[in-house]
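# Structural characterization, general
These are the residues of each chain, in order.
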Amino acid sequence: MAEEKFELAVIEKLTQEGWTYRDDLSGKTDDVLYEHWREILNRNNRTKLEGKELSENEFRRLVEQVNQNKSPYAAQLLLAGAGGKGTLPLIRDDGSQLSIEIFYGDEVAGGHSEYEVVRQITFNHLTNSLSKNRRIDLLLLINGLPVAHVEEKDEHLQNQWGAFEQLHKYNNDGMYTGLMSFVQVQFILTQNSAHYLARPKNSESYNHDFVFGWRDDNGRDVTDTMEFIHQVMGIPALHRLVTVNMIPDASNDNLMVMRSYQIQATRAIMDRMRTMKNNHLIEKEGGYIWHTTGSGKTVTSFKVAQLLASMDDVKHVIFIVDRVDLVNQTAENFKNFAYVTFKDRIKVVNGNQLKRELKKKQAPNIFLITVQGLSDAVKRGWTDDQRLVILMDEAHRSASGDSVKRIKQALPNTTWFGFTGTPNFYSDEVNDVKTTREVSTHDVFGPRLHRYTIKDAIGDGNVLGFDVTYYETDIEHEAGADLDEKQLEKEVYASHAFRQSVAEDIVQHWQDNAAGPIEMGHRAPNQFQGMLAVSGKQAVADYYNIFKEIAPDLRVAMTYSRDESNGAGSSDSQEGLKQAMADYVKRYQTANFIEHDDPGRDYLNDITKRLARKKPYNRGNDDDRLDLVIVSDQLLTGFDSKYLNIIYLDKLLQEGLLIQAMSRTNRTIDKNAKPHGKVRFYRKGQVMEDHVREALVIYTKGGNDTQADAEKHPSLDDQQELFNDDILAPNQASQIQDLAPKIEQLKEIAGDDFSQMPLGAKAQIKFAHLAADVNQKVQRLVQQGYAFGEAVPVFDGTGHITDEKVTLSITSENDFSALQARLNDVNQVLPDDKKLDLTNIKIALDKYASEIIDYDLLVDLLNQYMDDMVPAKRQAVEEHITPMDQDGQDEISEILDGIERGDYQKHFDVESLKVERTKIRSKNTELALYKWAANHNFNGNQIIEAYDLYQPGFKLNDTPELNAKLEEIERQNDMNFFESVDFEDAIIKFFGNLQ
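Reference entry: report on the structure contained in this document. Just so it is clear, the structure is predicted and the values come from calculations on it, not from any experiment. Here the residue numbers are simple positions, counted from 1 along each chain's written sequence. Owing to the predicted nature of the model, reporting of local features is limited to residues with pLDDT of at least 70; listing and counting of side-chain atom pairs is limited to 80 or more, with chain, interface and lining totals taken over all residues. To obtain the side-chain values, all non-hydrogen atoms of the structure were included, while hydrogens and water were left out.

## A few points about helix 21 (residues 496-508)
Counted only if it meets this: The secondary structure listing takes helices from DSSP runs of H or I that are at least 4 residues long and strands from runs of E that are at least 2 residues long, numbered from the N terminus. Expected helix span is computed as 1.5 Å times (number of residues minus one). Exposed residues in this analysis have more than 50% of their type's maximum accessible area, buried residues have under 20%, and partly exposed residues fall in between, with area computed by a 1.4 Å probe over protein chains only.
Under the 1.5 Å per step criterion, the end-to-end length of helix 21 is 18 Å for 13 residues, consistent within 8% with the ideal 18 Å. For helix 21, the set of buried residues is Phe498, Arg499, Gln500, Ser501, Val502, Ala503, Asp505 and Ile506.

## Considering the sheet that holds strand 7 (residues 138-142)
Each strand in a sheet pairs with another by means of backbone hydrogen bonds, the pair being arranged parallel or else antiparallel. As a reminder of what qualifies: Here, any two strands with at least 2 DSSP bridges between them count as paired. Here, two residues are considered to be in contact whenever any of their heavy atoms come within 4.5 Å of each other. Axis lines are fitted through C-alpha atoms, for helices just across the contact stretch, and the angle between N-to-C directions can take any value from 0 to 180 degrees.
With mixed pairing, 6 strands are arranged side by side in an open sheet as 1-4-7-8-9-10. With one partner strand each, in any of the chains shown, strand 1 (20-21) and strand 10 (193-198) form the two edges of the open sheet. In this sheet, strand 8 (residues 145-152) lies alongside strand 7 in antiparallel orientation, the contact comprising 5 bridges. Within the sheet, the bridge partner assigned to Ile142 lies in strand 8 and is Leu145. Its contacts with the sheet put helix 6 (residues 161-173) on strand 8, strand 9 (185-190) and strand 10, and the angle it makes with strand 8 is roughly 140°.

## What about the pairing of strand 7?
Across the 5 residues of strand 7, 5 count as buried, placing the element largely inside the fold. Along strand 7, one buried face is formed by Leu138, Leu140 and Ile142 and the opposite face, lined by Leu139 and Leu141, is buried too. In this sheet, strand 7 lies alongside strand 4 (residues 115-119) in antiparallel orientation, the contact comprising 5 bridges. Note that in strand 7 the partner of Tyr115 across the bridge is Ile142. Count of turn residues in the strand 7/strand 8 antiparallel hairpin: 2 residues, of which Asn143 carries a positive phi of about 55°.

## As for helix 1 (residues 3-16)
Since there are 3.6 residues in each turn of an α-helix, residues three or four apart along the chain are aligned in direction. The end-to-end C-alpha distance of helix 1 is 20 Å, a good match for the 20 Å that 14 residues give at a rise of 1.5 Å each. With its phi angle positive at about 110°, Gly18 sits one or two positions after the end of helix 1.

## Some remarks on the nonpolar core
Spelled out, the test is: In plain words, nonpolar cores are sets of buried Ala, Val, Leu, Ile, Met, Phe, Trp, Tyr and Cys residues tied together by side-chain atoms within 4.5 Å.
Trp37, Ile102, Phe187, Phe228, Met233, Leu238 and Leu391 are the most contacted members of the largest nonpolar core, which has 114 residues in total. Looking at which element gives the most residues to this core, the answer is helix 10 (residues 297-309), with 7 residues. Those residues within four positions of Phe187 in sequence are excluded, and the remaining contacts are Ala148, His149, Val150, Glu151, Leu167, His195, Tyr196, Phe228, Val232, Met233, Leu238 and Leu241. Core analysis: the second largest hydrophobic core is formed by 99 residues, Leu488, Ala661, Ala695 and Ile727 among them.

## Considering the packing of aromatic side chains
How two aromatic rings sit relative to each other is set out by the distance from centre to centre and by the angle between their planes. Cut-off, in case you're wondering: Pairs were defined over the aromatic rings of Phe, Tyr and Trp, the Trp ring being its six-membered one, requiring ring centres within 6.5 Å. Orientation was assigned from the angle between planes: stacked under 30 degrees, edge-to-face over 60, tilted for the rest. Two thresholds decide whether a charge sits over a ring: the Lys NZ or Arg CZ must be within 6 Å of the ring centre and within 35 degrees of the ring normal.
Tallied over the entire structure, the rule returns 28 aromatic pairs. Between Tyr584 and Phe593 the ring centres are 6.2 Å apart and the planes differ by 45°, which places this aromatic pair in the tilted class. Here Tyr584 and Phe593 have matching classes, each one buried. Every member of this aromatic cluster is reached through a ring pair, and the members are Trp932, Phe938, Tyr947, Tyr950, Phe983, Phe990 and Phe991. Between the NZ or CZ atom of Arg610 and the centre of the ring of Tyr588, over which it lies, the distance is 3.8 Å. Of note, Arg610 hangs over the ring of Tyr617, and the distance from its end group to the ring centre comes to 3.9 Å.

## Focus: a nonpolar patch on the surface
The line we're drawing: Only residues whose relative accessible area exceeds 30% and that take part in no salt bridge are eligible for patches, with like-charged residues grouped when within 9 Å of each other and nonpolar side chains (Val, Leu, Ile, Met, Phe, Trp, Tyr) grouped when within 5 Å. We get accessible surface area from the Shrake-Rupley algorithm with a probe of 1.4 Å; when it comes to residues, only the shown protein chains can shield them. One speaks of a salt bridge when a side-chain nitrogen belonging to Lys or Arg is within 4 Å of a carboxyl oxygen belonging to Asp or Glu.
A cluster of nonpolar side chains, contributed by Phe977, Phe978 and Val981, occupies part of the molecular surface with about 350 Å² of accessible area. Mapped onto the fold, Val981 is located in helix 39 (residues 977-994). Look at Val981 and you get partly exposed, because its relative accessible area is 33%.

## Things to note about the sheet that holds strand 13 (residues 285-291)
One open sheet accounts for 7 strands, arranged 15-16-14-17-18-13-19; its pairing is parallel. Sheet topology places strand 15 (346-348) and strand 19 (448-452) at the edges, where each strand pairs with a single neighbour. Pairwise comparison of adjacent strand axes, ignoring direction, gives a mean angle of 20° for this sheet. For strand 15 and strand 16 (residues 366-370), the ladder comprises 3 bridges, and the chain directions are parallel. When the bridges of strand 16 are listed, Ile346 appears paired with Ile366. This element, helix 9 (residues 260-278), spans strand 13, strand 17 (388-392), strand 18 (414-420) and strand 19 of the sheet and lies at about 175° to strand 13.

## Structural notes on unusual backbone geometry
Residue Ile235 is joined to Pro236 through a cis peptide bond whose omega torsion reads 20°. Position of Pro236 relative to the elements: it lies in the loop between helix 7 (225-233) and helix 8 (237-241). For the peptide bond that leads from Lys615 to Pro616, omega is 5°, which places it in the cis range. Looking at the secondary structure, you find Pro616 in the loop between helix 25 (599-612) and strand 25 (628-631). Residues other than glycine seldom take positive phi values, yet Glu50 does so here, at roughly 55°. Relative to the helices and strands, Glu50 is located in the loop between helix 3 (46-49) and helix 4 (56-66).

Shown next as structure tokens:
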């Protein structure tokens, strides 16, 4: 379908979704946008202006203020304004002062808000562009401000990511200044694909990872563009997207847009509250949100808290966390996400402070407190009957014990909502998965309101899958099966010899796990950190001392929480922690935490900042580096660092705690360096393998909220899907086998040692794409511990090791360095629009892997055939167009025939070839329409007239002009009711097949 026709179809759909198309403003320069905005300002501020419209000087002063917007973050703050109304201050020519209203965030689909769409606006004064004219596809205006920019591509002619690159280029050109600085979101549309992204703050911030598709309420991808427009771009959805669903991040001067699952979870909670309000009910159990670890629960919970605090019947929102160290961290995040006018309403409190705050007459606040602090206040007799809402983080942990029961009784008019990445479930007998839970998250909080599982997050690229290994020490192997659990714990796991073996394994493979990707034969050391989780305080201290002895150069810290159970050796453990703090202070020259009021908290805060490389440890200074932290229970939940790539476990975990611990490692970064989060178990490998399988089944499929759920029978394919979705890393042998034919092709092009530069554009492009793919996959192998030249065992279909072994055909680091050198050499000579981003090859591969055809090469081949019409050159064209669909191949074949007839004398370029293809497609479409009309005894001209009115993706009732035309044809052909129905069905189906 021609791009223009697709654009008109998009506009038609937008008009049905509440937008007004302004043809009078379309096809003009951007100057018309300013004049239009001025008209709207005069109209919406008529009372304030006292009937005297803005003068030239007054409007110029407003434009000068708009020109000061340097980022979408700044523009969002201006749109938000105060009290949901964006304003600009103005000193009038007569010296009077007033605030000009420019945006009405709370007036959705009504009030002063106007929704308009314009197309084909030309920008002829871009500061950074050599081109004097840049014309964009669509702008969506609210009150004259362009809040959304839409680029469409005809998927028959160009890949969708071309639109992304076009948006990137517009940013480079300096387009997003002045009124265009208000663009909050950008959309990329093709006929069968739709994506959106928050406008990045600068050119360097454009990243495919932050381009989002849309999932519907059932978690299914929405790829139909017209349905996407209905769900995302209609009114009121788009108005809310650019206001309620945007998150300004003050810590990065950045703007974030919520993803579909975050928006839907937020809406589910707000709908639940509105239902209660409308029915004059207060239910204590509001429900819970299950969003997997790493999916952005902090952003979602903040937005929910902010919206709840704006409800007129909610007095305050209480946000509960289960650890003291998380209270300030969460408050800091919340304040970074809040508008300036809201920051002072986010408060960290203890029990006594909360009681005092709730007695004050003040605007609704968000109070952050630990569950222990709130419980202690209730134990002392505090009650409150105000209308409150409690949001509980890590709801699977925080809601355990009797604390919640006591708090619910003390706060009778409070509704509870929970957020968790690993809910507590009942056993799943069908999948043979046993849980230890007698109370589910559903029992405590009520119904599950939204789900986004680890499988969803891995599929969307938000988190990584896991590379899991199991190591059995000689001590455990030799202990035999005759020891019971207590004897095994005492004689094996608590022994110095066992712990030394574990430590030695960690040290032996430290650089393999901590080093970065291979770059020209060198892996930069100490790029990643690790965590060792063990059983109890005494074990933490013992391991710390072992590492000090056997690996003094490894930078190790230890920590455990003060509320972990005391037992034998407790006093020694406290002394051990003090010594570890002293070592830490000496190594890093920090403040002496031992002398602080809360030494444990301050020490832990410094460790977490160091591991996550947050200020002040984000300067890349190697002196700040911490390699390994040893913990018992601390940091296994609620702590995130993309630089943590491996967790070692000398303890038995299962279900939610196991997934939480494993998920410390799966935050995304460069996938060449970190393709998976690594997990290594040192106890009971077979038992832990079963626990991993069961936990992943529960938290990908979904567990049983109620006893009735346990009686349901899920698909038998549930468990198998676990291994088909990159949740667990494939074994090394299967990866080597998949790489073999690709490496062979590379050697055919560049020689067995990759020493030869590929000759010719076709070979260079093929080599670059293939080498980038191989580079990425070999990097993954190396990060999994593969050594060049190593022979690894092959597994059979049941997962058992066979006698067969395979070796990667790149047998040394030198060979791999040569491959990377050639890849870099080739990349330098590629055209700019074909160059690969070698800092993030996976993104570049995604960009080109789905490209239908290489137009530059196609143009070159056609021109070669035009110059010398020999069969081999025609064959080269035909081989090159094989990936195209049949219509595309037919179009190129017709051009080849035209070359042979002498119809084309001038060489093609990319644009002229596209124009010629469009002409051929239009001609072929017209011939097909005449043929169809003749075969069905209709007037061909009338059928063509009907086709010109056809809008793909629309039902007949939604296109009145086409409907009227078909009724005219039906009357002229004297059709009865049934004949008319058959005719309409047939012609709509035929029109659709022509697109």
